Structure formats: structure tokens, C-alpha cells
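Coordinate inspection notes
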Amino acid sequence: MRKITLFLIFCCTFLFSQAQLEDTWLRQRVGANWDLHKKWSVYGFYRMDLKDNLQSFRRSNIQIGANWQALKWLELGLDYRFVTSYSKDFHRYRIRMNLGKKLNDRWSLSLRNMIQHDILFLNKEYLQSYSPEWMLRNRLNAKYRYNTKWSANAYAELFSKLERGKNDIERMRLGVGIHYMYKRRHGFELGYFIQPYLDGSVKKATQVFGIDYTFEIVKKKKKKKKKSTQSS
């Protein structure tokens, strides 16, 4: 497990040194997660992105989704996102499958496979001539759980365009993150990733910092009524 983590860190360092860094972004996200059942959960968030070395607005996102824990090691999910910017608005739909393996009390490994596509308009005329461009995203994630409050992760993700007879890798994402849970309800996360665009060799890259807050909706446990006793 340590070898995998060191390998991800090495790849991130190598690509950072080789790629031409074009821009720095910042992602700020606030959201909520609700565990409806042992196997079902729903979530939603709002995210705003900055670009041009954090100097100007890039775009904002509103996303909702649902997760189903089909098996102990298999999670399935659906997402919908509305993206708006100064240049265009679009709708993004995603379906994903997450395979997870707990190695021990602290380390876990997961592989997320996700397919997404974007739609500019939802009117009938546009959809009749619409030809979706599918994007396949494969992410390998290693997570270290220090205790019930603190955890860290490192990941590598490939973005591939799916076309007939082709499966071209468009870009790569290598990142790390630190997560802190406060009183079982308030999740805070700091993240960083570098995203090189690939065309046979590394040609350009963007680095992205992230700040996330997630409110966990936790069901209150019902208090057991104490049985009254009468003295004889």
C-alpha cells in the first residue's frame, strides 16, 4: 500500500516538473449529504471555480446525486450537474461504479469507473439532432484513515474520450487531499491536483486547489423510555 502511495506522489512530482503550468484554479464547494438508509444516500452541493491564477470567475456548478451500496465492495451512483459560466451553460449527466477494498484498519483502496456526457439544451429540437460525446473517467484512489476524524488520500485519474473505434486519453489528474470530520456532522477538506493535458506527451497543465465543506445529515437516535418501577 505504501508503494502505491509513493508511486502516485512520484507521478505527481514528475508531471509537475515536466509539464508547462498554464494556470492555477481554485474550487470552493459547500454541500450536504444524507444517509437515507444503510444502502442509500443522496447529496447536493454548490461549487464556484476561479481561474487566471485565482483572479477571475471560471464557472459555477449545482449538482445532486444518489448512491446505492449494492454490495460491501460495490457502490453505484447517478449524478446531475448544471454548469453556468459567462460563455455557456450546460447539463452534465454521470453514471458511476466504485469498487472498494479495505486492506486493514487504516488503509483502503478503490477504483471508480464513471461515464459522463454533456447536453447544452433540453428542448426537443436540440435533442433530436444531439449526438452525445461520452467521457470515460477511471480513478484509482488510496485512502489512509488516521482516526475517526482525520483521513488523507491520493489518487490518479484518466479522462478518455469514447468514440467509435477509439479510446483516446485526453488528460490526467493526480491529486491529494486531507479530510477532517467535526462532531460527525461537519466535513472539511483541503485538496490539490495537477491536471496535464496529454497528446502523446505532456504539453500543458493546470494546478487546482480545493476547499470543501459538507454537512452530514445524521438521524437522531431515539431515546429508550425507561420503565417505571413501583415500590411494593
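A short tour of the structure in this document, coming up.

Residues Trp 34, Leu 36, Trp 40, Trp 68 and Ile 217 make up a contiguous nonpolar surface patch of about 460 Å² in total accessible area. Positionally, Leu 36 belongs in the loop between strand 1 (21-35) and strand 2 (40-51).

Working note: non-glycine residues mostly have negative phi, and peptide bonds are mostly trans. Phi angles above zero are rare outside glycine, and Asn 53 is one such case at about 55 degrees. Tracing the backbone shows Asn 53 in the loop between strand 2 and strand 3 (56-71). If you check the backbone angles, Lys 183 has positive phi at about 55 degrees while not being a glycine.

The final tally for this structure, using the stated rule, is 11 salt bridges. One salt bridge connects Asp 212 with Arg 29, and the closest N-O pair in it is separated by 3.5 Å. Of this pair, Asp 212 sits in strand 11 (residues 202-217) while Arg 29 is found in strand 1, placing the two residues 183 residues apart along the sequence. The class of Asp 212 is buried, set by a relative accessible area of 18%. With a shortest N-O distance of 3.6 Å, Lys 161 and Glu 170 are connected by a salt bridge. Judged by relative accessible area, which is 35%, Lys 161 ranks as partly exposed. The class of Glu 170 is partly exposed, set by a relative accessible area of 23%. Taken together, the salt bridges that share partners define one network made up of Arg 112, Arg 137, Arg 139 and Glu 157.

The description of two aromatic rings rests on the distance between their centres and on the angle between their planes. In total, this model carries 10 aromatic pairs according to the counting rule given. Ring centres 5.9 Å apart and planes at 20 degrees place the aromatic pair Trp 40 and Trp 68 in the stacked group. Placement of Trp 40 in strand 2 and of Trp 68 in strand 3 is noted, with a sequence separation of 28 residues between them. Measuring from centroid to centroid gives 5.0 Å for Tyr 192 and Phe 209, while their planes differ by 55 degrees, and the two rings are tilted. With a gap of 17 residues between them, Tyr 192 in strand 10 (residues 186-198) and Phe 209 in strand 11 connect regions that are remote in the sequence. Take Phe 209: its relative accessible area is 37%, and that puts it in the partly exposed class. Three or more aromatic residues joined by ring pairs make a cluster, and in this case those are Phe 121, Tyr 126 and Tyr 130. Against the face of Phe 45 rests Arg 29, its NZ or CZ located 4.5 Å from the ring centre. In this structure, Arg 171 packs its charged tip against the face of Phe 159, placed 4.0 Å from the ring centre.

Next up on the list: a positive patch on the surface. On the surface, Lys 72, Lys 101, Lys 102, Arg 106, Lys 143 and Arg 145 cluster together into a positively charged patch. Those elements that provide at least two residues to the positive patch are strand 5 (89-102) and strand 7 (134-145). Of note, Arg 106 is situated in the loop between strand 5 and strand 6 (107-119).

Checked against the element boundaries, Asn 61 lands in strand 3. A relative accessible area of 0% places Asn 61 in the buried class.

This paragraph deals with the pairing of strand 7. Where strand 6 meets strand 7, 10 bridges bridge the pair, whose relative direction is antiparallel. Paired with Ser 108 across the strands is Lys 143, a residue of strand 7. Relative to strand 8 (residues 150-163), strand 7 runs antiparallel, the two being bridged by 12 bridges. The partner of Ala 142 across the bridge, within strand 8, is Ala 154. Turn length for the strand 7-strand 8 hairpin, with the two strands adjacent in sequence and antiparallel, is 4 residues.

This next bit is on the environment of Ile 178. Mapping Ile 178 onto the fold places it in strand 9 (residues 166-182). Each C-alpha atom, one on Ile 178 and one on Asn 153, is 6.7 Å from the other, the two residues being 25 residues apart in sequence. If sequence neighbours within four positions are ignored, Ile 178 has contacts with Trp 150, Ser 151, Ala 152, Phe 188, Glu 189 and Leu 190.

With that settled, the discussion passes to the environment of Tyr 130. Structurally, Tyr 130 is set in the loop between helix 2 (124-128) and strand 7. In sequence terms Tyr 130 and Ile 119 are 11 residues apart; their C-alpha atoms lie 8.1 Å from each other. Excluding residues that lie within four positions of it along the chain, Tyr 130 makes contacts with His 117, Asp 118 and Ile 119. A polar contact of 3.1 Å, which involves the side chain of Tyr 130, links it to the side chain of His 117.

How each quantity is defined
- Residues numbered from 1 in each chain as written.
- Predicted model: local features only at pLDDT ≥ 70, side-chain atom pairs only at ≥ 80, totals over all residues.
- Heavy atoms only, no water.
- Patch = residues over 30% accessible without salt bridge, like charges linked within 9 Å, V, L, I, M, F, W, Y side chains within 5 Å.
- Areas by Shrake-Rupley, 256 points an atom, 1.4 Å probe, with all protein chains shown as cover.
- Salt bridge = Lys/Arg side-chain N within 4 Å of Asp/Glu carboxyl O.
- Helix = DSSP H or I, 4+ residues; strand = E, 2+ residues; numbered from the N terminus.
- Buried < 20%, exposed > 50% of the residue type's maximum accessible area, 1.4 Å probe, protein only.
- Phe/Tyr/Trp six-rings, centres within 6.5 Å; stacked < 30°, edge-to-face > 60°.
- Lys NZ or Arg CZ within 6 Å of the ring centre and 35° of its normal.
- Lys, Arg positive; Asp, Glu negative; His and termini not counted.
- Charge placed at Lys NZ, Arg CZ, Asp CG, Glu CD.
- Pairing = 2+ DSSP bridges.
- Contact = heavy atoms within 4.5 Å.
- Polar contact = N/O pair within 3.5 Å; in protein donor to acceptor, adjacent residues only side chain to side chain.

The values reported here are purely geometric and, on their own, carry no functional implication.
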